[in-house]
Amino acid sequence: MPNQTIFVSDIHLCKSRPSIADAFINFLNKTNNQVDALYILGDLFEYWIGDDSKQHENVIQAIKKLTDRHIQVFLMHGNRDFLIGSEFEKKTGAVLLDDPTVIKIYGKRVLLGHGDCLCTDDIEYQSFRDKIRSESWKNEFLKKSLSERILIANEFRKESELNKKNKSLEIMDVNNEAVNQTLIEFNYPDIFIHGHTHRPNRHSIKLDGHQIERIVLGDWYEQGSYLSFNAHSIETHQV
Ligand code: MN
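First things first, this report covers the structure right here in the doc. Just so it is clear, the structure is predicted and the values come from calculations on it, not from any experiment.

## Considerations on the nonpolar core
Burial of nonpolar side chains together is a common tendency in soluble globular proteins.
At step 1: Grouped together as the largest cluster of nonpolar side chains are 36 residues, with contacts concentrated most on F24, I40 and L44.
At step 2: When neighbours within four sequence positions are excluded, I40 is seen to be in contact with V8, I11, F24, I63, V73, F74, L75 and M76.
At step 3: F7, L97, L227 and I234 belong to the second-largest nonpolar core, a separate cluster that totals 18 residues.

## What to know about helix α2 (residues 57–68)
At step 1: Between the first and last C-alpha of α2 there are 16 Å, a value that for 12 residues agrees with the 16 Å anticipated at 1.5 Å per step.
At step 2: Within α2 the residues assigned to the buried category are V59, I60, A62, I63, L66 and T67. End-on, the buried residues of α2 take up no more than an arc of 165°, which puts them together on one face.
At step 3: Its buried side turned inward, α2 meets α1 (18–30), β2 (35–40), β3 (72–76) and α3 (86–92).
At step 4: Where α2 ends, the next residue or the one after it, H70, has phi of about 65°, a positive value.

## Some thoughts on the pairing of strand β10 (residues 225–229)
At step 1: Burial analysis of β10 places four of its five residues in the buried class, the great majority of the element.
At step 2: Where strand β1 (residues 4–8) meets β10, three bridges bridge the pair, whose relative direction is antiparallel. Across the sheet, I6 pairs through a bridge with S228, a residue of β10.
At step 3: Linking β10 to strand β11 (residues 234–238), which pair antiparallel, is a turn of four residues.

## Focus on the sheet that holds β11
At step 1: The strand order across the open sheet formed by six strands is β4-β3-β2-β1-β10-β11, and the pairing between neighbours is mixed. Sheet topology places β4 (95–97) and β11 at the edges, where each strand pairs with a single neighbour. The sheet shows a mean angle of 25° between the axes of neighbouring strands, direction not considered.
At step 2: When β3 meets β4, the two strands line up parallel, connected through three bridges. Counted as the bridge partner of F74 is V95 from β4.

## Focus: the coordination of the manganese ion
At step 1: The coordination sphere of the manganese ion, as far as protein atoms go, consists of D43 (OD), N79 (OD1), H114 (NE2) and H196 (ND1), spread over 2.1 to 2.2 Å.
At step 2: On the primary sequence, the residues serving as donors to the manganese ion are separated as D-x35-N-x34-H-x81-H. Of the two residues, D43 sits in the loop between β2 and α2 while H114 sits in the loop between β6 (108–112) and α4 (123–132), which places them 71 residues apart along the sequence. One exposure class covers both D43 and H114, and it is buried.

## Overview of unusual backbone geometry
At step 1: Of the consecutive residues D99 and P100, the connecting peptide bond is found in the cis state with omega at 0°.
At step 2: Tracing the backbone shows P100 in the loop between β4 and β5 (101–105).
At step 3: Phi at H70 is positive, roughly 65°, even though this residue is not glycine.
At step 4: With respect to the helices and strands, the residue H70 is situated in the loop between α2 and β3.
At step 5: Backbone geometry at Y106 places phi at a positive 50°, although glycine is not the residue there.
At step 6: In this fold, Y106 is placed in the loop between β5 and β6.
At step 7: On the basis of relative accessible area, Y106 is assigned to the partly exposed category, the value being 27%.

## Observations regarding the environment of L83
At step 1: Along the chain, L83 falls in the loop between β3 and α3.
At step 2: What makes L83 buried here is its relative accessible area of 9%.
At step 3: Residues L83 and N29, spaced 54 residues apart in sequence, show a C-alpha to C-alpha distance of 25 Å.
At step 4: The contact partners of L83, leaving out residues within four places of it in the chain, are W48, I49, G50, D51, K138, F141 and L142.

Conventions used here
Residues numbered from 1 in each chain as written. Predicted model: local features only at pLDDT ≥ 70, side-chain atom pairs only at ≥ 80, totals over all residues. Heavy atoms only, no water. Core = buried A, V, L, I, M, F, W, Y, C linked by side-chain atoms within 4.5 Å. Buried < 20%, exposed > 50% of the residue type's maximum accessible area, 1.4 Å probe, protein only. Contact = heavy atoms within 4.5 Å. Helix = DSSP H or I, 4+ residues; strand = E, 2+ residues; numbered from the N terminus. Expected span 1.5 Å × (residues − 1). Arc of directions from axis to C-beta. Pairing = 2+ DSSP bridges. Axes fitted to C-alpha atoms, helices over the stretch in contact; angles between N-to-C directions. Donors = N, O, S within 2.8 Å, 3.2 Å for Na, K, Ca; no water.

That is the geometry; function is a separate question.
So, in structure tokens, the structure goes:
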């Protein structure tokens with residue numbers, strides 16, 4: 001087996017779904033030394049209210065075990081866990097990446113993102129995103145007590161569920177023009193990998209004479225999935 005790199009996203013770990021946490025920890029523990037790196041492209045957690053919150057200690061330990069074995073773990077913020085910070089990096093040995101980021105692996109230029117920025121048709125979500133991702137909002141939020149923060153996080157989750165019911169599937173998917181703009185901005189990568197929409201698929205795109213593949217990762221609500229990437233092949237797997 002050649003060395004490979006693994007990509008996952010949208011695990012949405014949450015106390016109310018312990019079987020997914022078990023499945024994910026099991027997946028981490030089984031990651032062998034042929035894996036060069038693991039990329040978690042956002043929404044590892046259903047919500048993250050700050051590194052001081054003592055949430056998901058078992059997951060933190062499982063990631064730490066990987067980095068202790070010199071398997072690199074990279075993490076990107078999702079819309080649910082954008083408050084993961086430097087304490088989390090220290091505890092796990094994982095490295096936070098900007099969204100988006102370009103990496104070069106096995107001779108390919110690969111653009112990585114969480115994917116929520118691409119959903120530009122959802123104007124309401126984008127303005128909410130702008131608000132809560134501002135430094136002032138984040139600072140105010142982190143100053144609140146843990147119990148207050150949990151209340152607010154649960155309010156957001158409820159609203160998000162309600163919004164999903166009232167919005168068409170089209171509005172909540174990526175906007176193709178936003179995808180193309182991003183691909184142009186990052187100078188036509190070979191591959192674009194993201195999550196967020198929970199619509200796992202592989203799309204082939206022809207843009208200005210470039211052939212690009214956009215890979216959408218699956219979520220871990222019902223079952224897990226991951227993408228393996230090596231010098232010869234890129235494959236999706238179910239857990
Ligand atoms: Mn998301």
